[in-house]
Amino acid sequence: MRVSHMLSSFITILVLHCLLLSTFVSCSSHGEITGSTNHKNMKGNAHKLSSQMISYVAVHGLLLWGSMGFLLPVGILTVRMANKEEAGRRVKVLFYLHAILQILAVLLATVGAVMSIKNFENSFSNHHQRLGLALYAAIWMQTFIGFFRPPRGTKRRNTWYLTHWIIGTVTSMMGIINIYTGLKAYHKKTSRNTGIWTILFTAEIIFIAFFYLFQDKWEYIQKQGLILGNDNNNPQQQPAPASDQDQEINVSTQRDNQKACTAKRNALRNLFD
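Here the structure is a predicted model, which means the values were calculated and not measured. Residues take numbers from 1 onward in each chain, read along the sequence in its written order. Owing to the predicted nature of the model, reporting of local features is limited to residues with pLDDT of at least 70; listing and counting of side-chain atom pairs is limited to 80 or more, with chain, interface and lining totals taken over all residues. Computation of side-chain values covers all heavy atoms of the structure but excludes hydrogens and water.

Attention now goes to the overall build of the chain. Under the DSSP-based scheme used, a helix requires at least four consecutive residues in state H or I and a strand at least two consecutive residues in state E, with every element numbered from the N terminus. A count of helices and strands for the chain gives 7 helices and 0 strands. Mapped from its N terminus to its C terminus, the chain presents α and β elements in the order α-α-α-α-α-α-α. Across the 273 residues in the chain, those meeting the buried criterion constitute 27%. What makes two residues a contact is simply this: any of their non-hydrogen atoms within 4.5 Å. Summarising the internal contacts of the chain: among those between residues at least 6 apart in sequence, 71% fall at separations of at least 24. Using a 1.4 Å probe, the Shrake-Rupley method yields the accessible areas, and only the shown protein chains count as cover for residues. Put simply, the chain shows about 20000 Å² of open surface, and 65% of that area lies on carbon and sulfur atoms. Think of it in three bands: residues with accessible area under 20% of the maximum for their type are buried, residues over 50% are exposed, and the middle band is partly exposed, with areas taken using a 1.4 Å probe on protein chains only.

Now the structure itself:
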């Protein structure tokens, strides 16, 4: 109950924060439009609007970077970790973490979409805008699919799981691609160098991909370490010393063998003598 209460409170705060941010964007855009009243002020506001527009583009890119380029992939990693754990508190924590990350991703993408609609020219004449619109629809569809999860053991569960997995994976991959197209569009519109941002984003994606692949091998590595540890802790055992009863049996057997050999030698001697 405590975790659920904290989760609901956290989501409420995020929603209010996003609404305030979108309201601020709307008021700023409206103030810039109504501020141009004469020819002299129009020139000054034109330069100011251009600078403000560049800032809006940068904020839009950072929001979508955090949403599509970080929170969605990390959310996928957390739910994969939960699937590999046995039922317990750790699984619940990872599941709630997955839900929080995905909700944050949707909220950030929504704020970025609001900024795009209010401040940018949305002619959808380039691949970045078209793909962004498709991703925005896909991320909300994925959210609704996640909320309407059927219970385990039902026939619809397999269909739901496959659909949720495909949409989530494709959306995350296409979102990463669209961030690269956004960096290219930002460079084209502002003539600013985006090489450092491209390198940082590529390094982040490589790290996430490595961790994604490492998850499949971690259990195997753990098993190998366990087997090796057992081999080191259990060296080849030496044969246990014989008990007193076994020693008496061995001595008696040796005496019988000696008597038999002596009898055979005596018999041979009597035969040839």
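This chain's UniProt record puts "transmembrane region" (unreviewed entry) on residues 53-72, 93-117, 129-148, 160-183 and 195-214. Taken as a whole, residues 53-72 contains 100% helix and 0% strand, while its terminal C-alpha atoms sit 27 Å from one another. Secondary structure content for residues 195-214 is 100% helix and 0% strand, while the C-alpha to C-alpha distance between its ends is 28 Å. UniProt positions are given in the numbering used here, feature names are shortened, and annotations may be inferred rather than shown by experiment.

So, on to helix α5 (residues 155-190). One less than the number of residues in a helix, times 1.5 Å, gives the span that helix is expected to have. Across its 36 residues, α5 extends 53 Å between first and last C-alpha, which sits within 8% of the 52 Å expected from 1.5 Å per residue. Taken from the residues just after α5, Ser191 is the one with a positive phi, measuring 60°.

Within the secondary structure layout, His98 lies in helix α3 (residues 89-119). In protein, a polar contact means a hydrogen-donor-capable atom and an acceptor-capable atom, both N or O and within 3.5 Å, with residues adjacent in sequence counting only if both atoms are side-chain atoms; elsewhere, any N or O pair within 3.5 Å suffices. A distance of 2.7 Å separates a polar atom in the side chain of His98 from the backbone oxygen of Gly75. Residues contacting His98, with those up to four places away along its chain left out, are Gly75, Ile76, Thr78 and Val79.

A word on the packing of α3 against helix α4 (residues 127-147). Only the stretch in contact is used when a helix axis is fitted, and all axes are lines through C-alpha atoms; the angle between N-to-C directions ranges over 0 to 180 degrees. The N-to-C vectors of α3 and α4 enclose an angle of 150°; their axes lie 10 Å apart at closest approach. If you check the angle between α3 and α4, you find them roughly antiparallel. Pair α3 / α4 crosses with left-handed handedness. Of the residues in α4, those touching α3 at Ala105, Val106, Ala109, Thr110 and Ala113 are Tyr136, Ile139, Trp140 and Thr143. Any residue that is not Ala, Val, Leu, Ile, Met, Phe, Trp, Tyr, Cys, Pro, Asp, Glu, Lys or Arg is counted as polar, Gly included; the first ten are nonpolar and the last four charged. Class assignment of the residues belonging to the contact of α3 with α4 gives a composition of 7 nonpolar, 2 polar and no charged. Roughly parallel means an angle under 35 degrees; roughly antiparallel means over 145; roughly perpendicular covers 65 to 115; every other angle is labelled oblique. By the definition used in this description, the sense in which the near helix is turned from the far one sets the handedness, with an anticlockwise turn below a right angle giving left-handed and a clockwise turn giving right-handed.

Moving on to a nonpolar patch on the surface. Each patch is assembled from residues with relative accessible area greater than 30% and no salt bridge, linking like charges that lie within 9 Å and nonpolar side chains (Val, Leu, Ile, Met, Phe, Trp, Tyr) that lie within 5 Å. The term salt bridge refers to a pairing of a side-chain nitrogen on Lys or Arg with a carboxyl oxygen on Asp or Glu at a separation within 4 Å. Together, Tyr161, Leu162, Trp165, Ile166 and Val170 give the surface a local cluster of nonpolar side chains, amounting to about 510 Å² of exposed area. By the element assignment, Ile166 lies in helix α5. Judged by its relative accessible area of 41%, Ile166 is partly exposed.

Only the six-membered ring of Trp is used, alongside the rings of Phe and Tyr, when aromatic pairs are assigned; centres must lie within 6.5 Å, and planes under 30 degrees apart are stacked while those over 60 apart are edge-to-face, with the rest tilted. Overall, the coordinates contain 6 aromatic pairs when judged by the stated rule. Aromatic side chains Trp65 and Phe201 sit 5.1 Å apart centroid to centroid with 80° between the ring planes, which places their arrangement in the edge-to-face category. Highlighted residues: Trp65 in helix α2 (residues 39-83) and Phe201 in helix α6 (residues 195-233), separated in sequence by 136 residues. For Phe201, a relative accessible area of 0% puts it in the buried group. Ring centres of Phe95 and Tyr96 lie 6.1 Å apart, and the angle between their planes is 65°; on these two criteria the pair is classed as edge-to-face. In this structure Tyr96 comes out as partly exposed when scored by relative accessible area, which is 27%. Comment: the charge-over-ring label is applied if NZ (Lys) or CZ (Arg) is within 6 Å of the ring centre and within 35 degrees of the ring normal. Here the guanidinium or amino end of Arg80 rests over the ring plane of Tyr212, the centre of that ring lying 3.9 Å away.

If you look at the biggest cluster of nonpolar residues, it comprises 24 residues, and the most contacted ones within it are Met68, Ile139 and Phe201. Those elements that place two or more of their residues in this core are α2, α3, α4, α5 and α6. If one sorts the elements of this core by residue count, α2 sits on top with 8 residues. Within this scheme, the nonpolar core is defined by two criteria: the residues are buried Ala, Val, Leu, Ile, Met, Phe, Trp, Tyr or Cys, and they are joined through side-chain atoms within 4.5 Å.

Here we take up the packing of α4 against α5. At a closest axis distance of 9 Å, the pairing of α4 and α5 adopts a crossing angle of 150°. By the angle between their axes, α4 is roughly antiparallel relative to α5. Remark: the crossing between α4 and α5 carries left-handed chirality. Of the residues in α5, those touching α4 at His127, His128, Leu131, Gly132, Leu135, Ala138, Met141, Gln142, Ile145 and Gly146 are Trp160, Thr163, His164, Ile167, Gly168, Thr171, Met174, Gly175, Asn178, Thr181 and Gly182.

For the rest of this paragraph, the subject is the side chain of Ser116. Its place among the elements puts Ser116 in helix α3. Since its relative accessible area comes to 13%, Ser116 is described here as buried.

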